[in-house]
Amino acid sequence: SVFSAGASSAAIPTYACQRRTTLNNHNKVLTDALKILAENAEYYESVGRYLAFTRVSSILKSLPYAVTSVDSLRGFPGLGEHCRKVIEEILEDGVCQEVESVTQSQRYQTLTLFTSIFGVGVKTAEKWYKEQHQTLADLRASQIRFTKEQQVGLQYYEDLTTPVTRAEADMIRKTVEEAVYRYLPGAVITLAGGFRRGKETGHDVDFLITHPEEGKEKGLVTKVIQHMASQVGLRHSDTTHHQAIMSCSSVVRALASQKCRKQETSKFDHFERCFTIVKLNQELGAGGQGAGHRPEDKHWKAVRVDLVIVPISQFAYALLGWTGSQVSKMLCNFPHLHSQNEYFSAAAEEEIFAHLELDYIAPWERNA
Ligand code: ATP
Ligand code: MN
Ligand code: MN
């Protein structure tokens, strides 16, 4: 197999795409600590350290037991001295001094806050930090010229940093279906991202849209977005307060132009897509969940939604890629899958794993 490098008989496979990682993390205290160190490394643009912390954290998440002694770390692929020390300290004292000082540092706190704004990456956050900004209020009062995304990110900060529930995802699905079926009744809509991995909440909702007949899906994203945006204030169902009373608004319109902007990730992901924010209507007093910070007259929540339009021939790849997390990042960038833009054709995710001589890992086992 292409993944058999350094094939010792160690029990823990080297790569995330060879490990089954469910959401049942037995080592959360350790992985939370390593995550903080990884983030901090990222804030210092230290890729090597970022990867080192992330890799070890990913392995810990895959273990079916809680690590209780450093001895049991033997055979951990890629475990460096630094990670080992951190783990040892936490196992012995319950806390790690380095982690404590990172979380207390102004730089870490500010960069974490700023990067939590939609449209703000580490570079921008660092720039603002160096310009002496520390709070959202500082930013709002500043002369900074925000991008359209950042403006929306600041405007709807509370909503966008409140986790999206599965129930909310279902409601959004109805809006998306309504818009998609209008133009393409035979379309197939699939929930991807964290929800497909079994997560109960997410930072957004990811949908893949395809059609059994190749080519029918072309141009759909623009139509769907335009339709959703034209539905401002329209109620498509008043039956119960739980049911979709949704509208998409000018917020969508503002971001519709972001479609197709090339992002990092894998070469073959050139699908029509749109990173949007939709207005999810919520009846006032309906359970009241999440309504805490909201002004009295604001009976909706801004929710990030990703729509990806995929030709059926590439659906398996898109599904793998947009389901996440580490597993898809690894596999989708794997050169064996494509040569000169010709893709090994796969009708299902299982075939992609098989082609790489990997055991199939189900979506809910991809939480590395
Ligand atoms: P959450 O539940 O918090 O949203 P998530 O795992 O769904 O977590 P997302 O950021 O929504 O996280 O991404 C889901 C997957 O979609 C990622 O693992 C990534 O591989 C893929 N993805 C995200 N953005 C892009 C992009 N711009 N281009 C290609 N693939 C992307
Ligand atoms: Mn997501
Ligand atoms: Mn997403």
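What counts and how
Residues numbered from 1 in each chain as written. Chains lettered and ligands numbered in written order. Predicted model: local features only at pLDDT ≥ 70, side-chain atom pairs only at ≥ 80, totals over all residues. Heavy atoms only, no water. Donors = N, O, S within 2.8 Å, 3.2 Å for Na, K, Ca; no water. Helix = DSSP H or I, 4+ residues; strand = E, 2+ residues; numbered from the N terminus. Expected span 1.5 Å × (residues − 1). Buried < 20%, exposed > 50% of the residue type's maximum accessible area, 1.4 Å probe, protein only. Arc of directions from axis to C-beta. Contact = heavy atoms within 4.5 Å. Pairing = 2+ DSSP bridges. Core = buried A, V, L, I, M, F, W, Y, C linked by side-chain atoms within 4.5 Å. pLDDT = per-residue confidence, 0-100. Salt bridge = Lys/Arg side-chain N within 4 Å of Asp/Glu carboxyl O. Lys, Arg positive; Asp, Glu negative; His and termini not counted. Phe/Tyr/Trp six-rings, centres within 6.5 Å; stacked < 30°, edge-to-face > 60°. Lys NZ or Arg CZ within 6 Å of the ring centre and 35° of its normal.

Caption draft 1: Fine view of the coordination of the manganese ion (ligand 3). Here the manganese ion (ligand 3) is held by Asp204 (OD), Asp206 (OD) and Asp306 (OD), and the distances to it run 2.1 to 2.2 Å. Summarised as a motif, the one-chain spacing of the donors to the manganese ion (ligand 3) is D-x1-D-x99-D. Between the manganese ion (ligand 3) and the manganese ion (ligand 2) the interatomic distance amounts to 3.6 Å, and aspartate 204 serves as a bridging ligand to the pair. Linking aspartate 206 in strand E4 (residues 205-210) with aspartate 306 in strand E6 (residues 300-309), this pair joins segments that are 100 residues apart in sequence.

Caption draft 2: Representation of helix H3 (residues 81-93) in the model. End to end, H3 covers 18 Å across 13 residues, agreeing with the expected 18 Å (1.5 Å per residue, within 8%). All of the buried residues along H3 are Cys83, Val86, Ile87 and Ile90. Down the axis, H3 shows its buried residues gathered within 95° of arc, on one side only. In H3, the exposed positions that point more than 90 degrees away from the buried face belong to Glu81, Glu92 and Asp93.

Caption draft 3: Region of interest: helix H1 (residues 28-43). Given a rise of 1.5 Å per residue, 16 residues ought to cover 22 Å, and the 22 Å separating the end C-alpha atoms of H1 matches this to within 8%. Listing the buried residues of H1 in full gives Leu30, Thr31, Ala33, Leu34, Ile36, Leu37, Ala38, Glu39, Asn40, Ala41 and Tyr43. Check the buried side of H1 and you find it contacts helix H2 (47-62), H3, helix H4 (97-104), helix H5 (106-115) and helix H6 (122-130).

Caption draft 4: Inspection of the pairing of strand E5 (residues 272-281) at higher detail. The buried count for E5 comes to nine of 10 residues, which makes it a mostly enclosed element. The sheet contact formed by E5 and E6 spans 10 bridges and is antiparallel. Each residue of the ladder has a partner; that of phenylalanine 275, found in E6, is aspartate 306.

Caption draft 5: Up close: the environment of alanine 41. Position of alanine 41 relative to the elements: it lies in helix H1. On the basis of relative accessibility, which here comes to 0%, the residue alanine 41 falls in the buried class. For the pair alanine 41 and asparagine 333, spaced 292 residues apart in the sequence, the C-alpha separation amounts to 23 Å. If we skip the residues at most four places from it in the chain, alanine 41 touches Ser46, Arg49, Tyr50 and Phe53.

Caption draft 6: Spotlight on the nonpolar core. Leu60, Phe76, Ile117 and Leu139 are the most contacted members of the largest nonpolar core, which has 39 residues in total. At the level of secondary structure, the elements contributing two or more residues to this core comprise H1, H2, H3, H4, H5, H6 and helix H7 (136-141).

Caption draft 7: Spatial organisation of the confidence of the model for the protein chain. Looking at the protein chain, the pLDDT average stands at 83 and 80% of residues meet or exceed 70. This model gives residues 232-267 a pLDDT under 50, and the stretch forms 77 contacts once residues within four places in sequence are excluded. Across the whole predicted complex the pTM is 0.86, and at the interface the ipTM reaches 0.96.

Caption draft 8: Seen up close, the pattern of salt bridges. Taken as a whole and assessed by the stated rule, the structure comprises 13 salt bridges. The salt bridge involving arginine 107 is made with glutamate 126; its shortest N-O contact spans 3.2 Å. Here the residue arginine 107 occupies a position in helix H5, and glutamate 126 occupies one in helix H6, the gap between them amounting to 19 residues. Pair check on accessibility: arginine 107 and glutamate 126 agree, each one buried.

Caption draft 9: Representation of the side chain of aspartate 206 in the model. There is no salt bridge for the buried aspartate 206, and the closest opposite charge comes from arginine 304, which lies 6.1 Å off by N-O distance. Excluding residues within four positions of it along the chain, aspartate 206 makes contact with Thr190, Leu191, Ala192, Gly193, Gly194, Asp306 and Trp322.

Caption draft 10: How the structure looks around the packing of aromatic side chains. This model, assessed by the stated rule, comprises six aromatic pairs. Ring centres of tyrosine 43 and tyrosine 108 lie 5.7 Å apart, and the angle between their planes is 45°; this geometry places the pair in the tilted category. Of this pair, tyrosine 43 sits in helix H1 while tyrosine 108 sits in helix H5, placing them 65 residues apart in sequence. A residue is classified by how much of its surface remains accessible, and tyrosine 43, at 4% relative accessible area, is buried. Members of the aromatic cluster, connected to one another through ring pairs, are Phe114, Trp128 and Phe146. Cation over ring: arginine 107 sits above tyrosine 44, and NZ or CZ is 3.9 Å from the ring centre. Seen from the ring of tryptophan 300, lysine 279 lies directly overhead, with NZ or CZ sitting 4.6 Å from the centre.

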